[in-house]
Each structure stands twice: as C-alpha cells, then as structure tokens.
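Analysis of the macromolecular model
Single-letter residue listing:
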Amino acid sequence: MDLADALAELGLADDTVGPEARVSHGANNRLWELLGEASGDPEFGLHFAERLDLGAFDVVGHLVACSETFGAGLGRVVAYSRILHDAGRVEVERDGGQVLVYPGCRGLPVECPRQIAEFSAASVVMLGRKLTGAAMVPLAVHFKHAAPARLREHVRLFGVSPRFDRPETVLVFDAAVLALPIRTPQTGVLTYLEAYARDVLARLPADDDILDQVERVVVTAMSRGVPEMHQVAAQLGMSPRTLQRRLADRETTFQALLDGVRRSYAERYLRDARLSLAEIAFLLGFSEPSNFHRAFRRWTGTTPSAFRADMPART
C-alpha cells in the first residue's frame, strides 16, 4: 500500500505523522478500512492481532510483559492505554467468579468498526497466551456489530463462538486468569518503565474531552427536562456555534450525543427492577412514558418492557 496515497486519502500530510502524533477517530477508522481492502482479507482484524508482538503496543506492551501476573498487566493497560489512543476506554471489571474485559470500544463518538473491535478483542487473547504460555480461552466473547458471513476464524482464534449484536464488545474470562504468571517477568525494570509511562501521559493534551463535558451537563439536567444545545453551550462557556463545531470535529452532533446518553442511561435504569417505566421516563426527561416508549423503540428496535424481560439473555 503506498503511504503517500494512504495519507492523502486520510487527509493527512506526511509531516503530520510520527511516533507521538495523534490523528482523528475518523482518519483512524478509515485507515483500517483501507488496510482491510488492500489485504483482501475479510478477517483482517483477527489476523493482524494474531501476528502482533509487544512492540506494537509501545511502552504499554512492555509494562504488561514486566508484570508478575496477567491481572497486574491488565491493570497497567487500563492505567496507561491513553498513551496508545484517546478513543474507547479499556476497562476490567470483576463480577463474582468472572472478569469482564472491555477492550477499548467503550465511549467512542462513533460506532467502533468491525475490524477494530475484532482486533482489539483478539489482541487481549493472543498476547495473553504469548505472555503466560497458557491456553487462555474466554468463557464468552460478545461483539456489538452484526455477525459476519463466516465464523471459522473467530472460533479458531478465540476457542469459542462469539455472539454478535450484543449491547457491548466485551470478553468474559474465569477470574482465575488474573493470577496466571507472566512467563519471564522483568520486574527489575518495571519502576523505570512506569516512570517513563507517567511522563508520557503528563505530556499528552488534557483529557478533558468535549464529549465527556457535554455528557456531564446532559446527565445533570435530564430529570428537569431535555436540555437544548444553547443551554449546554452556555454552561460550558461557549457559543452554540462553537459547541457545534467542536462536536463536528469529533464526528458527531449534539442530537446524536443526546440520544446516546439517554439510551445508555435508559438501559442502565431498566436493569434496576425497583424503577418503574414511568419513573425511568421522568429521569430521562420525557414528559410522558409513551414518548419514552417510542424513543426507546427507535434506539433499540424493541420496547422497554421487552428489553427488561430479555435482560438475563443479554448478560
């Protein structure tokens, strides 16, 4: 693939890229599309992850390799993943005897493309196996995107058949994987690597993201009614036009962000059996439960009642 042609396609100049350069989410997503097209491989994301080594993840990969256990390594990925990108959040959650790994597809301004989601999920498994020497097989793999035509490579790489069209992209493991020892930990250099990683984080632009700012204002205001863009802009100390432009830079709109926040909180509230549908509608700023019903069907293709009834199947 010709680098100059690829940069031109992405709207980037040759002197704007480098080891510490940051590009927009849109440019990154388009690059993955170009790579997939050039490879002719419909499972490009999976196969890219399979061939990676630690160097591809810069200091973050080496921090994992220097950790004593896989769980400690995952903790350092969560702490330092912003060195690699400012896109989705990497998160690890314990749930009883299971551990849920969200591989960087949360909190994105636009939907995570299939190849990136599959690469991110497969990277966790592939690198985990390489570092521990264990036949690490997830209990479950969920993807937010629709199922591809073929699953043979997914089953081969993950060891299980993933489920698609799920609420989030997440890997579920037995919590015992957290205690798996790294085969050759170099704990002696860990202190120096972490000092370097903290220095890199400190030199990055402030992580006060406009999307997070808008979300905080919307969430605070929702129970009093749906805030309009000019009200949110005023609270953030900017004009509506400036807010509109900054959201456009992140490839979204105020309405799309508002819908995303309300949908996210709707699904969260529906998981709380103590809240009635009328109470949830009020908390989300709907004047009538029927308006909430219509909006939720538009967002998800199902009704709030059906979503709540189907929750055991979604976990």
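Residues numbered from 1 in each chain as written. Predicted model: local features only at pLDDT ≥ 70, side-chain atom pairs only at ≥ 80, totals over all residues. Heavy atoms only, no water.

Looking at the overall build of the protein chain
Here is the rule: To qualify as a helix, a DSSP run of H or I must reach at least 4 residues; to qualify as a strand, a run of E must reach at least 2; elements of each kind are numbered from the N terminus. Atoms counted for the radius of gyration: C-alpha only. Globule rule: 2.2 Å times residue count to the power 0.38. When a residue's accessible area, from a 1.4 Å probe over protein chains only, is under 20% of the maximum for its type it is buried; when over 50% it is exposed; and in between it is partly exposed. Note on contacts: a residue pair is in contact if any heavy atoms of the two residues lie within 4.5 Å. Only the protein chains shown count as cover for residues, and all accessible areas are computed by the Shrake-Rupley method using a 1.4 Å probe. His is not counted, nor are the chain ends; Lys and Arg add positive charge and Asp and Glu add negative charge. Note on charges: their place is set at NZ of Lys, CZ of Arg, CG of Asp or CD of Glu.
Helix and strand counts for the protein chain come out as 16 helices and 4 strands. By the compact-globule yardstick of 20 Å for 315 residues, the protein chain fits well, its C-alpha radius of gyration being 21 Å. If one aligns the C-alpha atoms of the protein chain with their principal axes, the spans along those axes are about 60 × 45 × 40 Å. In the protein chain, which comprises 315 residues, the share counted as buried stands at 44%. Once local pairs closer than 6 in sequence are excluded, the contacts in the protein chain between residues at least 24 apart make up 65%. Of the accessible surface of the protein chain, which amounts to about 16500 Å², a share of 53% is contributed by carbon and sulfur atoms. Within the protein chain, one finds 36 positive and 40 negative side-chain charges whose respective centroids are separated by 5 Å.

What about the sheet that holds strand β1 (residues 89-95)?
The condition that has to hold: Note on pairing: DSSP must find at least two bridges between two strands before they are called paired. Inter-axis angles, ranging from 0 to 180 degrees, are taken between N-to-C directions of lines fitted to C-alpha atoms, where helices are fitted over the stretch in contact.
Strands sit in the order β1-β2-β4-β3 across an open sheet of 4 strands; the sheet is antiparallel. Two strands close off the open sheet at either side, each with one partner strand: β1 and β3 (140-142). Along the sheet, successive strands turn relative to each other by an average axial angle of 15°, direction set aside. Where β1 meets strand β2 (residues 98-106), 7 bridges bridge the pair, whose relative direction is antiparallel. When the bridges of β2 are listed, E91 appears paired with Y102. Against the sheet, helix α5 (residues 70-80) touches β1 and β2, its axis set at about 140° to β1.

Overview of the environment of D174
In this structure, D174 sits in strand β4 (residues 170-174). A relative accessible area of 39% places D174 in the partly exposed class. With 53 residues separating them in the primary sequence, D174 and A121 have C-alpha atoms 16 Å apart. Ignoring anything within four residues of it in the chain, the contact list for D174 reads G97, V99 and L139.

Notes on helix α14 (residues 289-300)
Spelled out, the test is: Expected helix span is computed as 1.5 Å times (number of residues minus one). Here the arc refers to the set of directions running from the helix axis out to each C-beta atom.
An ideal rise of 1.5 Å per residue puts 16 Å on 12 residues; α14 measures up with 16 Å between its terminal C-alpha atoms. Residues F292, A295, F296 and W299 constitute the buried set of α14. Each buried residue of α14 sits inside an arc of 100° when the element is viewed along its axis, so together they form one side. For α14, exposure combined with an orientation more than 90 degrees from the buried face picks out R294 and R298. Against α12 (254-270), α13 (277-283) and α15 (304-309) lie the buried residues of α14. G301 occupies a position one or two residues after α14 and carries a positive phi of about 80°.

Some points on the pairing of β2
β2 sits mainly inside the fold: 8 of its 9 residues count as buried. Following β1, the chain reverses through 2 residues before pairing antiparallel with β2; G96 in that reversal takes a positive phi of roughly 65°.

Notes on the pairing of β4
In terms of residue burial, β4 counts as a mostly covered element, since 4 of its 5 residues are buried. In this sheet, β4 lies alongside β2 in antiparallel orientation, the contact comprising 4 bridges. The residue bridging V101 from the neighbouring strand is L171, located in β4. Where β3 meets β4, 3 bridges bridge the pair, whose relative direction is antiparallel. Bridged to A140 within β4 is V172.

A word on the pattern of salt bridges
Counted only if it meets this: A side-chain nitrogen of Lys or Arg and a carboxyl oxygen of Asp or Glu constitute a salt bridge if their distance falls within 4 Å.
Inspection of the entire model under this criterion finds 15 salt bridges. Here E9 ties to R30 by a salt bridge, and the two come within 3.0 Å at their closest N and O atoms. Residue E9 is found in helix α1 (residues 3-10), and its partner R30 is found in helix α2 (residues 25-39); the two are separated by 21 residues along the sequence. The partly exposed category is assigned to E9, whose relative accessible area is 43%. Salt-bridge contacts for E33 lead to R30; the nearest nitrogen and oxygen are separated by 2.8 Å.

Some thoughts on the packing of aromatic side chains
Note the following rule: Ring pairs shown here join Phe, Tyr and Trp side chains whose ring centres sit within 6.5 Å, with only the six-membered ring taken for Trp; geometry is labelled stacked below 30 degrees between planes, edge-to-face above 60, and tilted in between. Charge-over-ring placement is defined geometrically: NZ (Lys) or CZ (Arg) within 6 Å of the ring centre, and within 35 degrees of the ring normal.
Overall, the coordinates contain 13 aromatic pairs when judged by the stated rule. Relative to F48, the ring of W32 lies with its centre 5.7 Å away and its plane at 55°, an arrangement referred to as tilted. Of this pair, W32 sits in helix α2 while F48 sits in helix α3 (residues 44-50); the two residues are 16 residues apart in sequence, bridging distant segments of the chain. Among the residues examined, W32 registers a relative accessible area of 10% and is labelled buried. On the accessibility criterion, F48 (33% relative accessible area) is partly exposed. A centroid spacing of 5.2 Å and a plane angle of 25° characterise the contact between F48 and F119, whose relative ring orientation is stacked. Residue F48 is located in helix α3, and its partner F119 is located in helix α6 (residues 114-132); the two are separated by 71 residues in the primary sequence. Overall, F119 belongs to the buried group, its relative accessible area being 12%. Connected via pairs of aromatic rings, a cluster forms that spans F286, F292, F296, W299 and F307. Geometry around F286 places R262 over its ring, the cationic atom sitting 3.8 Å from the centre.

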